[in-house]
Structure formats: structure tokens, C-alpha cells
Amino acid sequence: FLPHLIASLQQVDQTYIMVKPDGVQRGLVGEIISRFEKKGFKLTGLKLFQCSKELAEGAGACQKENLHRRAHNGRGAKLYFARVNLEKDSNVDSIEHYKDLKQKSFFPKLIDYITSGPVVCMAWEGVGVVASARKLIGATDPLQAEPGTIRGDLAVQTGRNVVHGSDSPENGKREIALWFKEGELCEWTPVQAPWLRE
Ligand code: IDP
Ligand code: MG
């Protein structure tokens, strides 16, 4: 029983952290990466990424369940209407990413925000990384976030709160799979590992 308990307590998790466009524009990328790096978590994926502008337009359209899109048949003569479900488009990262917030009034603005410039996508790994990263990030509303947290130190408004962090280990896996392609993540052992955990 005890070894099992210890093993489950030491479950290694993954979290998806993203510097949002305001964090990139304000030159906070290094500062934000540093917080997780200094804490002792392991970086397993990192890239600068721009959601296409089409996605921002899709944000309005995706409030409808389905979108009818005009398309050509092979010979270019007849036109027909194909049923396209935007949510199933594998390119629509930001909409899929925030799918739980689709009914919220601020959803279209959220998608505009997140596609308004490049973001920095990160995968971090470690025991307890999901909950710990949420603590390092701080409350959703930066004015409520404690000093010492990223949002508490670096932001003032919910709609410009500089960083995203997964809210559960399941969502950590889901979001990493959504934002990273196969081959973009690295398996490695930091030399400092024995200095972080006994
Ligand atoms: P979280 O980022 O702290 O997990 P969520 O409730 O999951 O917060 O919301 C996702 C993101 O949506 C927030 O980080 C913020 O950018 C945006 N958001 C949440 N609530 C509001 C709001 O009331 N107005 C504008 N944007 C919001
Ligand atoms: Mg959230």
C-alpha cells in the first residue's frame, strides 16, 4: 500500500503554459519562462506560434453550430454547399482550446485576443506541476492575484492576463496534444535533477 501511495503522490504530470499575445508584445517571454525554470520544472516543448487570422473570423462563425461553406465540384461548374463544423478543424487551436468557454459572452473577444499576435507555447513536466503552475500564475483577475505571482506582478486586467496554464492533469495532456505536433516535444534529463529531488 505505502509504495503505491508514494508512487501516486509522485505522479509526474504535464501542463500546457502559454504566454499570450500581450505577454509577447510586452517583452515578458523571458521573465515568464524564468519563473517555471527557476522553480525546477522541466521544459519539454517550446515554440513561438501565430494562430491564423482566419481563426479570429471563425470565432464569430463558430457560435453557430455549423457553417455552410460554398465549394466547387471537380469541374468547377456546379456549386454545392458543404457542411463544415469549425470545431472539428484541426487548425482551430484557440477555439478548441477554450471550448469550455464557448457560451461565455466574452468568448469572441477572447479568441480575438489570443489570435491577435504570436503566442509562446510551452509544455512543462514535473511532480505536481499543474497545481503549482496555477499558483505561480495567480488568479484569473490580475488585480486579485497575489504579489509574487506572474499575473499579480505583471498584469492588471482579466482580458490581458499575459499567461495561460492548464487547470487539471487531463487538460494538460489535452492542451499539449492540441498545440504541439508529434516530434515537437523532447524527452531529456536535466543535469540538476538529483539536486531538485532527494
Ligand atoms: P484561467 O486562465 O485563469 O484558467 P478561465 O476562467 O479558464 O481562467 O478563462 C480563460 C481566459 O479567458 C482567462 O485567462 C481570460 O484571458 C479570459 N477571461 C475569463 N473571464 C473573462 C472575463 O470575464 N472577461 C474577459 N476575459 C475573460
Ligand atoms: Mg482556464
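Residues numbered from 1 in each chain as written. Chains lettered and ligands numbered in written order. Predicted model: local features only at pLDDT ≥ 70, side-chain atom pairs only at ≥ 80, totals over all residues.

**Student:** Even after reading the chapter, I still don't get helix α7 (residues 129–137), so can you show me in this structure?
**Tutor:** Structural remark: α-helix, 3.6 residues per turn; residues separated by three or four positions point the same way. Along α7, the residues classified as buried are V129, V130, A133, L136 and I137. For α7, the buried positions fall inside an angular range of 125 degrees around the axis, keeping them on one side. Looking one or two residues past α7, G138 carries a phi angle of roughly 90 degrees, positive in sign. (Buried ≥ 20, exposed ≤ 12 C-beta atoms within 10 Å, placed from the backbone. Helix = DSSP H or I, 4+ residues; strand = E, 2+ residues; numbered from the N terminus. Arc of directions from axis to C-beta.)

**Student:** I keep staring at the site of ligand 1 and nothing clicks. Help me out?
**Tutor:** Looking at ligand 1, the residues that line it are L101, F106, L110, T140, T158, G159, N161, H164 and D167. Across the shell around ligand 1, the residue classes tally to 3 nonpolar, 5 polar and 1 charged. Residue-level mapping places the shell around ligand 1 at the junction of two domains, with at least three residues from each of domain 1 (12–50 + 117–192) and domain 2 (55–116). (Near = placed C-beta within 6 Å. Nonpolar A, V, L, I, M, F, W, Y, C, P; charged D, E, K, R; others polar. Domains from an automatic or database assignment.)

**Student:** Any chance you could explain the environment of I150 here in plain terms?
**Tutor:** Mapped onto the elements of the fold, I150 is located in helix α8 (residues 150–154). Residue classification places I150 among the buried residues on the basis of 25 C-beta atoms within 10 Å. Spatially, the C-alpha atom of I150 lies 24 Å from that of D100, the residues being 50 residues apart in sequence. Aside from chain neighbours lying at most four places away, what touches I150 is I32, R35, L136, I137, G138, V162 and V163. (Contact = placed C-beta atoms within 7 Å.)

**Student:** What's the story with the UniProt feature "binding site: ATP" (unreviewed entry) in the protein chain in this structure? I'm lost.
**Tutor:** On the UniProt side, "binding site: ATP" (unreviewed entry) is annotated at positions that read K20, F106, R134, T140, R151 and N161 here. Turning to its location among the elements, R134 is positioned in helix α7. By the C-beta count within 10 Å, which is 16 here, R134 ends up partly exposed. Look past the residues within four positions of R134 in its chain and what remains in contact with it is G165 and D167. (UniProt positions renumbered as here; feature names shortened; annotations may be inferred.)

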